[in-house]
Amino acid sequence: MAAHPAPQSILREFCPLYYLLNAIPAKVQRGFRSVLVYLTALDSSSDYVAVGSSIGMLYLYCRRLGHMNKYNMEGKCDAITAVKLLSCFDDLVAVGTASGRVALFQLVSPLPGRNKQLRRFDVVGLHKGTITALAWSANGMKLFSGDDKGRVVFSALDLDQGVCKPVLLLEEPSGVVQLDYSHRVLLVSTQQRSALFCTEGRSLQQLGTRPRKSSGRFGACFLPALCKQSDLQVFAARPGLRLWRSNVRGLVEDTRLLKPLFTSQVRPFELFPRPGPVGAYRPADRQLGLLCCFFREGWLLSWNEYSVYVLDCINEVIVGALESSGDIVSVSCCENEIFILKGDRDVIRLSNSPEGLASNCNAPCGEFGHYNDLVSRFLSGLQVTESAWGRLDAAGDSRSRSSSITSWDSIHGNTPMTTSSELSSRRYSAPLGQEELQQELVVKAIRVKKKRRRRQGGGRQDGFFFLSFSLQGIKGLSLSLSLSVCLSLSVCLCLSLSLSVSVCLSLSLSLSLSLFKRRSRNCVTMIKMCVVSPLQLAESWMGYSGPGCGILSLLVTDRHVWCLDFKGGLFCSPLPETGLNWQRFEDNVHQMALSPSGSLLWKVEQKSMTAFACAKVSIKGKRHWYKAVEQTAFVTLSDDSAWIIRTNGDLYLQTGLSVERPCARSVKVDTPCVFSQVCVGGGVVWALSEHKALFYREGLSRFCSEGESWKYDKVSEAQGLELVCVALGDGGTAWALDASGSLWFRTGISPSRPQGADDHWWQISISDYVVFDQGSLFQTLLQATQSVATVTRAPVERVVAFLSQYSQCQPSLVSANSSGVWVASGRNQLHLAKGSLVGTFWQNVVPRGTVSATRWTFITSSAVPHREGTFLWLAQSRKDLFCVWDQDGELRPSSVPLPPEVELSQLSACRDALWGLDTQGRVHIRTLSPSCPAGLHWTPLDLSQLGAVRLVSVCCGSQNVWAVDSRGIVYFRVGTQPLNPSMMLPAWIHIEPPVQPVGVQLVSIRTSPNDRLLWAQDNRGCVFVRTGLSDEMPVGTDWELVPGLAVSQLVLSSRTVWVRCLNGDVARRYGVSDRNPAGDYWKKIPGSANWLTVTPEDELWAVTLIGGLSRRLTKLLPQSPAKPRPSAASLSGDDLDDEWELI
């Protein structure tokens, strides 16, 4: 009877890593002789693959950029025998050589504020043999190295001081084969035994009672868990296919006999077919080797020089095996990937998914569906600029991380591209307080012609900001606000409201709001209260009326703005300081194009579809049009070239254009499909196809205007964007409007990198202001911004309806110049953003040990008691709870046991305590401490003082605790810790709720982590704020209704309030301060969620609509002034009077 073939493992090789091997030379020239390059060591992470060689060269492949870097050990060219990567706050790599030398490299980071220069630290003189094992601590401050003589060296690394201090830690009688470090305990595996070394007490404890009878390369590893030191568990390999599980004291708790698992056919890993003979020697008796925990709970990766095994210790099965495949030199694993370095110069990648796809162990091998839906990209870059309002102290520092994996193209053997995926969740971009940095009005400098004034004693001089804020209201109404703010705390405010219907009325209003004493006679009016905070306006948008019958196309230069309406009228207006003065330029225009300098102008006539070119453009006077191209559908111009789309879909290029030569001979350019739009800017060319696919042109330079080839932009496809129009602006920024009316941008666009530096589009929110503060200055201001709410929705709706009748028209509704980005709406309106903008991207996160299909129901956050970062408390149901530290590179969740037979309905966390409210209204407290950050046990809280009250909501701050019962009554208590019942318990203070109609009551209450804010929510979704909170009056004085939104969830950071609306939308309250706890207005941000939490530093985490975990990343797009001046950055001292003038 024929034997059945062994079932295939779910782990397989999808494609050989040719892109990696081809980047490493097979030979190098040393003098007059050629030296073979052998690959001797390997390690991997989500960011890098590091390969050591026999010539002392380290090859480090960046998976995000698809670039190979080489690092020479210098001096004697010893073979590299060990390499270890670490991604924490900095990217680190340690290298060990055959002569006992250890080198530590701190890699260059593209993130702001991180290392910008490669640094190397050497450990020499302590090792006497070949380095065989390396191990990092999680924070990168400790490195342990072992050699084949039994020596273990500890190197303390201080990156801030640039110091590395090595010391001999211990010396074993046999060679070291593996090292592992966790919770200040070093696990040392040698040829004869495995031992635990406590680095604090300097004590050594052997695993088991006696050394092994036979020596061999048997390793050991810690089980990954977020626990205290006493709970550490160890897996150790033993001869005869045995596996020990021991505790941190070296006591063997369990011995597992794995030999029965190998009696049946072992599942082999499916390898990619290779030319040539396959197969090699395998010993008759199988053995385990070095050990490492891999991918899922209970999975172990074991390898030696002959074989690799993946074992499922929970289900007691062999997941897969690699046997008889040649000499195995080194093995490394990260997340769901295993990299195997073989002696025949080959690297094998085993995984359950190709590079570029999120892992899913439940999916059969090869069945991955529509992988594009699984890919999400994120940006590791972070740009923070100083605000003129000086809010940098509130912003704090930011920890920015990034990760990437190679794209799907490698499966098919194509040129490897690089993407970022939700699979790589070990590094993040977490800006703290970026939105605060950009909340400012438009600042404009005016040159002063008066003398400088100096003060005795070097005091600060009087100086002023002049700020202008112009908004477009309903049709025929424009509102303009100008403020002059004196740096000496004297402020002048002038509000000018002008109504233009048939008669222009001008009203001038001066407001006196006394807060500061008069300190300058130049001030028209003294302001006596805190006027405009930089947090009180989300973005600075200015609105203008269009010229004619709707806007089909919009183009702006540094001096003029051009509009084409639906009837073919071409209009132009200079860019003055107040409004636009439109003048009709041409009629019967189908499409128009303008060079960035404004010197060249092309038009396409409506009926003939012929393109004409004009040079020396002037609004008044005669113009001479030169016939350029017939049968033209679309044209775009740079300062010296024209890209033309013909009516038959062909693309042509004209080069060498100038004022004297506005048109030239056309040359056809091959295209992968029919294009509907082309845009040019900064030496970069983008194109949009008829099916809304985005392409960019590679190879453009001043010597080659045509470029080399078109490349498909996968970023837009991965995000599922259907782009309507795109534009390339100044500063390497690309702008786009999609079919749903959203505005997006990408940065880093340059001729050398036409696709840009971002791995995804950032979304700009320019809609949904909600203001209901009666009698407020900002009500008047922001009522005018309601027109901004339709900026991106109206144009798309109207233009799409228009295109259904005129399919040949291609809209251009977004344009950018040095002053900002312009957006046209279908209501015949233009909107300009001059200030800084914040882009949003929601990054999908998959904690280690879980799969992307995991469905979460709840998330909350708290500060970590002993280090930086935040704890995330996650739950899949009311009967489980997990804890994740957001600074953990792999986001390993640790299970937090709940009290027996308890179902949590609500959870609130602070720095030192975790409060849980169960479905019966009982409160359970879990104390958190630096020694045990996730807590040890739950303590029930004595609620006998409240009698028969049943609590429905509870929230704790740093010191105070607030609660609401089933009747809507509010309670207050001081102290977050459960005290001994024999002591006097803290008293619950009864607080009257706000006065409400019958049947309406509070159901939820939230306090900020610093106890400075208190907000509540009733059963109708209305929101209330507690006023009068202070250190002297922690219970506050009164309740105030905050109108505008019906909410389903409230979350508070240390500075502001975030809400989840009934439909899942997310909004933020702006203007919240100690003096104004209610804030000024709501503004919705991009995204929607089923559940929401915010860290004390305003980092948003959410449970998505489908139950996934997501993190909000933001990118600040700073304002770039049109004409920067050398002294523009100085706004104080003697230079101030030279830059600003009081009007």
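The structure this text deals with has already been given above.
Quick caveat: nothing in here was measured; it's all calculated off a predicted structure. (Residues numbered from 1 in each chain as written. Predicted model: local features only at pLDDT ≥ 70, side-chain atom pairs only at ≥ 80, totals over all residues. Heavy atoms only, no water.)

## Focus: the packing of aromatic side chains
And step 1. Tallied over the full model, the rule gives 23 aromatic pairs.
And step 2. Between Phe294 and Phe295, the ring centres sit 5.8 Å apart and the planes meet at 45°, which makes this aromatic pair tilted.
And step 3. On the numbers, 6.4 Å between centres and 75° between planes, the contact of Trp762 with Phe841 is edge-to-face. Here Trp762, found in strand 59 (residues 762–764), pairs with Phe841, found in strand 64 (residues 837–845); they are 79 residues apart in sequence, far enough to count as distant.
And step 4. On the basis of relative accessibility, which here comes to 0%, the residue Trp762 falls in the buried class.
And step 5. Among the aromatic residues, those joined into a ring-pair cluster are Trp643, Phe675, Phe695, Trp710 and Tyr712.
And step 6. Geometry around Phe612 places Lys603 over its ring, the cationic atom sitting 5.9 Å from the centre.
And step 7. Above the plane of the ring of Trp625 lies Lys603, whose end atom (NZ or CZ) is 4.5 Å from the centre. (Phe/Tyr/Trp six-rings, centres within 6.5 Å; stacked < 30°, edge-to-face > 60°. Helix = DSSP H or I, 4+ residues; strand = E, 2+ residues; numbered from the N terminus. Buried < 20%, exposed > 50% of the residue type's maximum accessible area, 1.4 Å probe, protein only. Lys NZ or Arg CZ within 6 Å of the ring centre and 35° of its normal.)

## Focus: the sheet that holds strand 9 (residues 102–106)
And step 1. Overall, antiparallel pairing links the four strands, which are arranged 7-8-9-10 in an open sheet. Two strands lie at the open edges of the sheet, namely strand 7 (80–87) and strand 10 (119–123), each paired on one side alone. The mean inter-strand angle of the sheet, taken between neighbouring strand axes irrespective of direction, is 15°. (Pairing = 2+ DSSP bridges. Axes fitted to C-alpha atoms, helices over the stretch in contact; angles between N-to-C directions.)

## What about the environment of Glu355?
And step 1. Structurally, the position occupied by Glu355 is in the loop between strand 29 (346–351) and helix 2 (392–395).
And step 2. Of the residues examined, Glu355 reaches a relative accessible area of 4% and is grouped as buried.
And step 3. In this structure the C-alpha to C-alpha distance between Glu355 and Cys15, which are 340 residues apart in sequence, comes to 9.1 Å.
And step 4. A polar contact of 3.0 Å, which involves the side chain of Glu355, links it to the side chain of Tyr19.
And step 5. At 3.1 Å, the side chain of Glu355 forms a polar contact with the side chain of Arg63. (Polar contact = N/O pair within 3.5 Å; in protein donor to acceptor, adjacent residues only side chain to side chain.)

## As for the environment of Pro1096
And step 1. The topology assignment puts Pro1096 in the loop between strand 85 (1091–1094) and strand 86 (1100–1103).
And step 2. The buried category is assigned to Pro1096, whose relative accessible area is 14%.
And step 3. When the C-alpha atoms of Pro1096 and Ser1053 are compared, they prove to be 4.5 Å apart, with 43 residues separating the residues in sequence.
And step 4. If we ignore the near neighbours within four places in the chain, the residues touching Pro1096 are Ala863, Pro1009, Ser1053 and Ser1054. (Contact = heavy atoms within 4.5 Å.)

## Things to note about the pattern of salt bridges
And step 1. Applying the stated rule across the entire model yields 29 salt bridges.
And step 2. With a shortest N-O distance of 3.3 Å, Arg151 and Glu171 are connected by a salt bridge. Highlighted residues: Arg151 in strand 13 (residues 151–158) and Glu171 in strand 14 (residues 163–171), separated in sequence by 20 residues.
And step 3. We note a salt bridge from Arg1012 to Asp1031, for which the minimum N-O separation is 3.1 Å. Separated by 19 residues along the polypeptide, Arg1012 in the loop between strand 77 (1002–1007) and strand 78 (1014–1018) and Asp1031 in the loop between strand 79 (1023–1027) and strand 80 (1038–1042) bring together distant segments of the chain.
And step 4. Connected through shared salt-bridge partners, Arg63, Glu337, Arg349 and Glu355 make up one network. (Salt bridge = Lys/Arg side-chain N within 4 Å of Asp/Glu carboxyl O.)

## Let's talk about the nonpolar core
And step 1. Counting 21 residues, the largest nonpolar core has Leu20, Val51, Ile55, Phe339 and Val347 as its most contacted members.
And step 2. For this core, the elements supplying multiple residues, two or more each, are helix 1 (18–21), strand 3 (39–44), strand 4 (48–53), strand 5 (57–62) and strand 28 (337–342).
And step 3. Sequence-distant contacts of Leu20, defined by excluding residues within four places in its chain, comprise Val49, Val51, Tyr61, Met68 and Val347. (Core = buried A, V, L, I, M, F, W, Y, C linked by side-chain atoms within 4.5 Å.)

As far as function goes, none of this settles anything; it's purely spatial.
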